[in-house]
Amino acid sequence: MSNAKIKVGVLGATGAVGQRFVQMLQGHPWFELTALCASDRSAGKRYADACKWNLRGDMPEHLRDVILQDCKPGVDCQIVFGGLPTDVAKPIEQEFAAAGYIVCSNSSNHRYDADIPLMVPEVNPEHLALIELQKRNRGWKGFIVCNPNCSTTHLVSALHPLHTHFGLKKVFVVTMQAVSGAGYPGVSSMDILDNVVPYIGGEEEKMEQKEPQKLLGQFDGAQIAYADFVVSAHCNRVPVRNGHLLAISAEFIKQPTQEEMLNAWKNYDPLPQQMKLPSAPTAALIYDERQDRPQPRLDRLKGSVPGMATVIGRLRPDPLFHWKFLALGHNTIRGAAGGSLLNAELLVAQGYLGGEAALLAKQLQFA
Ligand code: NAP
């Protein structure tokens, strides 16, 4: 790889999300993977020995002999992507931020902090302005930027243009979430085969109480004013390997027609697509008109960057709310590693790593 690229590392590189990072960073036009980190059970071992590679295709050959490092500052990179369990991520990610690293986190620890951006780059790029506040408040040399929960990402992506045009009042959502959302080895096969588990710890609270409202909130120059709508969520684990399917009902301040709903999705052209960020799919939202779609196995990789779009379908009137529809999205790609990667691309493009990095990224992208 070219030495000119921006050096990045992965914390939790042996896990479900960590492996996705490793996979998605191969051949990235701006980023060079220079550090693989995991727990002290794995540090010091070869990546091939410590990591049970669970993704389609083989572990990248040139990484097999790379020695895993501890999740401690000192690793040779500017950005660290976090794929750590929530119960261990907080002190580790804070230590990296304090030491000057840019931390793109997947854990839920800091998602609701008033000075930490919770990001879906298509939805709320202006929230990155919180970074200045964060650095001032905490005295860190670096900073933390978070991703939402994997179901929230796709819920909010589908709702964003609707909220912009019609104003959300009430949302009711039933999730059917893939087993990979629980990490590896995750849910036992004896629990999930021939079954649905109608409980995912903490998931409904994340979707109902804060994440959608913060993401769709307005930055007023000093803080985020949370959007004022209510969400009711039922979260279920289903025997699907990858891809969360969401059945959504919504009521609006101004009731749209079916044509207005479809046009809001069709004409959606947010910032990452306008900027042509490397991991931004040409269309962030894809409406599938077939009456039995989207389906996880068939549609989770749809779009120009596989796994990065949200696929919507089955828009129809709702006898309780205004409209109901389905949304599907990949949980470890857009819902985790890919979401973080797009956050990092937006940070680079908007100059948060300095003007030189932004210029370099532009040169590398269009070289
Ligand atoms: P996972 O498969 O269990 O992987 C956890 C990783 O963290 C492994 O690399 C593990 O390394 C490392 N680790 C564990 N304890 C550690 C410690 N004390 N110090 C340093 N490293 C440690 O988990 P995951 O599913 O990838 O989830 C990672 C994070 O992403 C979680 O916060 C999760 O909530 C979030 N998330 C997951 C998804 C998803 O779809 N899976 C989606 C969105 C967000 P060892 O191999 O050495 O143990």
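Every value quoted in this text rests on a predicted model; they were computed, and no experiment measured them.

Bringing the packing of helix α5 (residues 150–166) against helix α7 (residues 203–215) into the picture now. In the contact formed by α5 and α7, the axes pass within 10 Å of each other and the chain directions differ by 45°. One way to sum up the angle between α5 and α7 is to call them oblique. Here α5 and α7 pass one another in a crossing that is right-handed. Where α5 abuts α7, its residues Cys150, Ser151, Thr152, Leu155 and Val156 lie against Glu203, Met207, Glu211, Pro212 and Leu215. Tallied by class, residues from the contact of α5 with α7 come to six nonpolar, two polar and two charged.

A few words now on the domain arrangement of the protein. As assigned here, the protein comprises domain 1 (6–147 + 336–365) and domain 2 (151–330). A separation of 24 Å is found between the C-alpha centroids of domain 1 and domain 2. Each partner contributes residues to the interface: domain 1 has 35 residues there, and domain 2 has 36 residues. Summed over both sides, the interface of domain 1 with domain 2 buries roughly 2,700 Å², with 65% coming from carbon and sulfur. Contact with domain 2 buries area across many residues of domain 1, yet Tyr112, Glu122 and Val123 alone supply 24% of it, more than any other trio. Inspection of the region where domain 1 meets domain 2 yields one salt bridge. The closest approach of N and O atoms between glutamate 211 and arginine 111, which form a salt bridge, is 2.9 Å. Between the two partners, domain 1 and domain 2, sit twelve residue pairs in polar contact (both at pLDDT 80 or more). Counting residues per element, the ones that place at least two in the side of domain 1 that touches domain 2 are α1 (16–25), α4 (130–138) and α11 (333–349). With seven residues, α11 is the largest single contributor of residues to the side of domain 1 that touches domain 2. Its residues placed into classes, the side of domain 1 that touches domain 2 shows 19 nonpolar, nine polar and seven charged.

Below, the discussion takes up the packing of aromatic side chains. Enumeration over the complete set of coordinates arrives at nine aromatic pairs. Judged by centre distance (6.4 Å) and plane angle (70°), the rings of phenylalanine 143 and tyrosine 352 are edge-to-face. In this pair, phenylalanine 143 sits in strand β6 (residues 143–146) while tyrosine 352 sits in the loop between α11 and α12 (355–365), placing the two residues 209 residues apart along the sequence. The exposure class assigned to phenylalanine 143 is buried, which follows from its relative accessible area of 2%. Its relative accessible area of 25% is what places tyrosine 352 among the partly exposed residues.

Around the ligand, a shell composed of 28 residues is seen, among which Thr14, Ser39, Arg41, Ser42 and Leu84 lie nearest. In this structure, threonine 14 approaches the ligand through a side-chain N or O atom, which is 2.5 Å from an oxygen atom. One of the side-chain nitrogen or oxygen atoms of serine 42 is found 2.4 Å away from an oxygen atom of the ligand. Going through the elements one at a time, α1, α3 (86–98) and α11 are the ones with two or more residues in the shell around the ligand. By residue number, the principal contributor to the shell around the ligand is α3, which donates three residues. Per-class residue counts for the shell around the ligand are twelve nonpolar, 15 polar and one charged. Summarising the domain contributions, the shell around the ligand has at least three residues from each of domain 1 (6–147 + 336–365) and domain 2 (151–330).

Next up on the list: the pattern of salt bridges. Considering all chains together, one arrives at 13 salt bridges under this definition. Between lysine 7 and aspartate 76 there is a salt bridge, and its shortest N-O distance comes to 3.0 Å. In this pair, lysine 7 is assigned in strand β1 (residues 6–11) and aspartate 76 in the loop between β3 (69–70) and β4 (79–82), connecting sequence segments 69 residues apart. Using a relative accessible area of 31% as the deciding quantity, one classes lysine 7 as partly exposed.

Before going further, it helps to spend a moment on the sheet that holds strand β11 (residues 244–252). The mixed open sheet is built from six strands, whose spatial order is β10-β7-β11-β14-β13-β12. For this open sheet the edge positions go to β10 (230–237) and β12 (285–288), each flanked by a neighbour on one side alone. Neighbour to neighbour, the strand axes of the sheet diverge by 20° on average, direction disregarded. Here eight bridges tie strand β7 (residues 168–177) to β11, and the two strands are oriented antiparallel to one another. When the bridges of β11 are listed, valine 173 appears paired with isoleucine 248. Here α5 sits on the sheet and contacts β7, β11, β12, β13 (310–317) and β14 (323–329); the angle it forms with β11, its principal contact strand, is near 25°.

Rules of the game
Residues numbered from 1 in each chain as written. Predicted model: local features only at pLDDT ≥ 70, side-chain atom pairs only at ≥ 80, totals over all residues. Heavy atoms only, no water. Axes fitted to C-alpha atoms, helices over the stretch in contact; angles between N-to-C directions. Helix = DSSP H or I, 4+ residues; strand = E, 2+ residues; numbered from the N terminus. Parallel < 35°, antiparallel > 145°, perpendicular 65-115°, else oblique. Left-handed = near helix turned anticlockwise from the far one by under 90°. Contact = heavy atoms within 4.5 Å. Nonpolar A, V, L, I, M, F, W, Y, C, P; charged D, E, K, R; others polar. Domains from an automatic or database assignment. Buried area = accessible area lost by both parts, 1.4 Å probe. Salt bridge = Lys/Arg side-chain N within 4 Å of Asp/Glu carboxyl O. Polar contact = N/O pair within 3.5 Å; in protein donor to acceptor, adjacent residues only side chain to side chain. Phe/Tyr/Trp six-rings, centres within 6.5 Å; stacked < 30°, edge-to-face > 60°. Buried < 20%, exposed > 50% of the residue type's maximum accessible area, 1.4 Å probe, protein only. Near = heavy atom within 4 Å. Pairing = 2+ DSSP bridges.

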